[in-house]
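One letter stands for each residue in the lines below.
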Amino acid sequence: MNKYHGKSTTVLKPRTTKEVSEIVKWCNDRRIGIVPQGGNTGLVGGSVPVKDELILSLANMSKVRAFDDVSGILVADAGCILQSLSDYLAPHNYVFPLDLGAKGSCQVGGNVSTNAGGLRLLRYGSLHGTVLGLEVVLPDGTILDQLTALRKDNTGYDLKQLFIGAEGTLGIVTGVSILTAPAPQALNNVMLALPKFDNVLPLFKEVKRQLSEILSAFEYIDRSVYDLAVKHNQGRALDAEEVEGAECFVLVETSGGNREHDEQKLNNLLESLMEADEPLINTGVLATSPAQFASLWAIREGLTEAVSKEGKAYKYDISVPLQKFQEVLDITREHLKSKGLMREGAVRHVVGYGHVGDGKSGNLHLNVVADAYTPEIEAALEPFVYELVAKYKGSVSAEHGIGVMKTHALQYSKNAVSIDWMKRIKQLFDPKGIMNPGKVLP
Ligand code: 2HG
Ligand code: ZN
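Residues numbered from 1 in each chain as written. Chains lettered and ligands numbered in written order. Predicted model: local features only at pLDDT ≥ 70, side-chain atom pairs only at ≥ 80, totals over all residues. Heavy atoms only, no water.

The chain is annotated in an unreviewed UniProt entry as FAD-binding PCMH-type domain-containing protein from Ceriporiopsis subvermispora. You can read under Catalytic activity (unreviewed entry) in the UniProt record for the chain the words "(R)-lactate + 2 Fe(III)-[cytochrome c] = 2 Fe(II)-[cytochrome c] + pyruvate + 2 H(+)". Taken verbatim from the UniProt record of the chain, the Sequence similarities (unreviewed entry) comment is "Belongs to the FAD-binding oxidoreductase/transferase type 4 family." (UniProt positions renumbered as here; feature names shortened; annotations may be inferred.)

And the structure:
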């Protein structure tokens, strides 16, 4: 995003947990701040130094430590790239329980540290459930070895949960034990074009009802961001007549155990949607080959890149009730208009996309695309957007974390008692404040 800049002079790339421990101890003794860095694909500045901290990159710790093809439990170094773990699992007929657009460069340690959500949370749940154990180097250099491969271990406080989503502020994740899932025998997807946003919720209900156990993703894409994806060549676009009159799109994926059965279900779904008296969709484009499957996903996975090619994006990753997605976009656009900022030279687009299936509230990625990052636009957006989210009792960070971007906004989603206990936990683990300073807590 080119939004956050530090002044670090030093990057260290240790090869072993012991080396990480020695570096951290050395820094702790001298009170030197450390930024743990994985693939550096985060969107809230969590892996970028604030000042001149030492950058500790996990890139050289990238080995699979163990895999058990009966239980599906994988133990890997934190620096393993997500895609390489998926590739490693494929011949064993397993899949990694997390998938996201940045898979080609993000690392599993960073995924865990940011509690990344991604595209298949609907199917496999969050990392708080799939991570079985962690190895963590604590701020004083102590190695906390909780790399258990047990699915059931009910022996008191579950310490590993504290590091999932702590964004490296409590210690550095160096190893991950995770439960992978049996590879689905059949993967299908379909891009649905909807005449209006109001159809998304009834559609979600109907899709869930008909596809039930094989539904693995339900992703919302508004028309304006779809157009940006087409403009910047992300994936296979639908034909002109297929997109005509569409206000938004939904990408549905199924992952099941029987190709014929799954295809039958999808075809039945499409037929029933098209033949209804008041159809919820204008049309649906079903992938008929692995290449088409990949290119439909490429549209969705390429949205972030398309937005970056268009301009400088202010990104709000929020949990709000599903039926409010459109309202949030409209209110934000109107607000910017009233400030005279919805114009050439300032804000070009207010777009939205996200993960509908992730709970009662959905996860909306509100992107405000501007010509440049300016204090004026930022002042118009914050705390405006956060107050809006608080009004809906949502979350100011559904899946991207707090990083440096939202430390001041924590209060919109966490009450004072919660923040106080977060501070006490930070103080307990890292009394000298060397671990990823300036992130998560103000
Ligand atoms: C996604 O769902 C990512 O594509 C990125 O979480 C969202 O760029 C964004 O705003
Ligand atoms: Zn997302």
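Here the narrative resumes, following the displayed structure.
**Q** So, the sheet that holds strand β8 (residues 143-146): which residues are in play, and what are the values?
**A** Judged by pairing direction, the sheet is antiparallel, and its five strands sit side by side in the order β4-β5-β9-β7-β8 without closing on themselves. Of all strands in the sheet, those with a lone pairing partner are β4 (64-68) and β8, marking the two edges. Strand-to-strand, the axes of this sheet are offset by a mean angle of 10°, without reference to chain direction. Note that strand β5 (residues 73-77) and strand β9 (residues 172-179) share five bridges and pair antiparallel. Each bridged residue has a counterpart across the sheet, and for V75 the counterpart in β9 is S177. Contacts from helix α1 (residues 17-30) reach β4, β7 (131-137), β8 and β9, with the element oriented near 50° to β7. (Pairing = 2+ DSSP bridges. Helix = DSSP H or I, 4+ residues; strand = E, 2+ residues; numbered from the N terminus. Axes fitted to C-alpha atoms, helices over the stretch in contact; angles between N-to-C directions. Contact = heavy atoms within 4.5 Å.)

**Q** Hey, could you go over the packing of helix α7 (residues 200-211) against helix α10 (residues 259-275) for me, with residue numbers and the actual values?
**A** Relative placement of two packed helices is described by the angle separating their axes and the distance separating the axes. One way to put it is that α7 packs onto α10 with a least axis distance of 10 Å and a crossing angle of 145°. Crossing hand, α7 versus α10: right-handed. Residues L203, E206, V207, Q210 and L211 of α7 form the contact with α10, whose participating residues are K265, L266, N268, L269, S272 and L273. (Left-handed = near helix turned anticlockwise from the far one by under 90°.)

**Q** Got a sec to walk through unusual backbone geometry? Specific residues and values, please.
**A** Of note, the amide linkage connecting E382 to P383 takes the cis form, showing an omega dihedral of 10°. Positive phi, close to 55°, is recorded for E167, a residue that is not glycine. Counting through the fold element by element, E167 comes out in the loop between α6 (160-163) and β9. Judged by its relative accessible area of 7%, E167 falls in the buried class. (Buried < 20%, exposed > 50% of the residue type's maximum accessible area, 1.4 Å probe, protein only.)

**Q** With reference to specific residues and values, describe the site of ligand 1.
**A** Taken together, L43, R300, T304, K315, Y353, H355, H365, N367, E399 and H400 make up the full set of residues near ligand 1. Contact distances for ligand 1 include 2.7 Å between an oxygen atom and a side-chain N or O atom of R300. One of the side-chain N or O atoms of H355 is found 3.1 Å from an oxygen atom in ligand 1. Protein burial of ligand 1: of its 290 Å² of free accessible surface, 86% is covered by the chains. Of all the secondary-structure elements, those providing two or more residues to the shell around ligand 1 are β16 (347-355) and β17 (361-370). Of the residues belonging to the shell around ligand 1, the class tally is two nonpolar, five polar and three charged. (Near = heavy atom within 4 Å. Polar contact = N/O pair within 3.5 Å; in protein donor to acceptor, adjacent residues only side chain to side chain. Areas by Shrake-Rupley, 256 points an atom, 1.4 Å probe, with all protein chains shown as cover. Nonpolar A, V, L, I, M, F, W, Y, C, P; charged D, E, K, R; others polar.)

**Q** So what's going on with the coordination of the zinc ion (ligand 2)? Residues and values would help.
**A** H355 (NE2), H365 (NE2) and E399 (OE) make up the full set of protein donors to the zinc ion (ligand 2), lying at 1.9 to 2.1 Å. A relative accessible area of 11% means that E399 is categorised as buried. (Donors = N, O, S within 2.8 Å, 3.2 Å for Na, K, Ca; no water.)

**Q** Help me get a handle on the packing of aromatic side chains, residues and values and all.
**A** This model, assessed by the stated rule, comprises 10 aromatic pairs. An aromatic cluster of three or more residues is present, and its members are F67, Y88 and Y94. The ring of W421 has R424 sitting right over it, with the charged end atom 4.2 Å from the ring centre. (Phe/Tyr/Trp six-rings, centres within 6.5 Å; stacked < 30°, edge-to-face > 60°. Lys NZ or Arg CZ within 6 Å of the ring centre and 35° of its normal.)

**Q** Tell me what's going on with the side chain of K265, and back it up with residues and numbers.
**A** Along the chain, K265 turns up in helix α10. On the accessibility criterion, K265 (17% relative accessible area) is buried. Engagement of the side chain of K265 in a polar contact is seen with the backbone oxygen of L211, the distance being 3.4 Å. Setting aside residues up to four positions removed in sequence, K265 forms contacts with Q210, L211, S212, E213 and I214.

**Q** Explain a nonpolar patch on the surface residue by residue, including any values.
**A** On the surface, a nonpolar cluster with roughly 330 Å² of combined accessible area is contributed by Y157, L159 and L162. Here L162 lies in helix α6. Judged by relative accessible area, which is 32%, L162 ranks as partly exposed. (Patch = residues over 30% accessible without salt bridge, like charges linked within 9 Å, V, L, I, M, F, W, Y side chains within 5 Å. Salt bridge = Lys/Arg side-chain N within 4 Å of Asp/Glu carboxyl O.)

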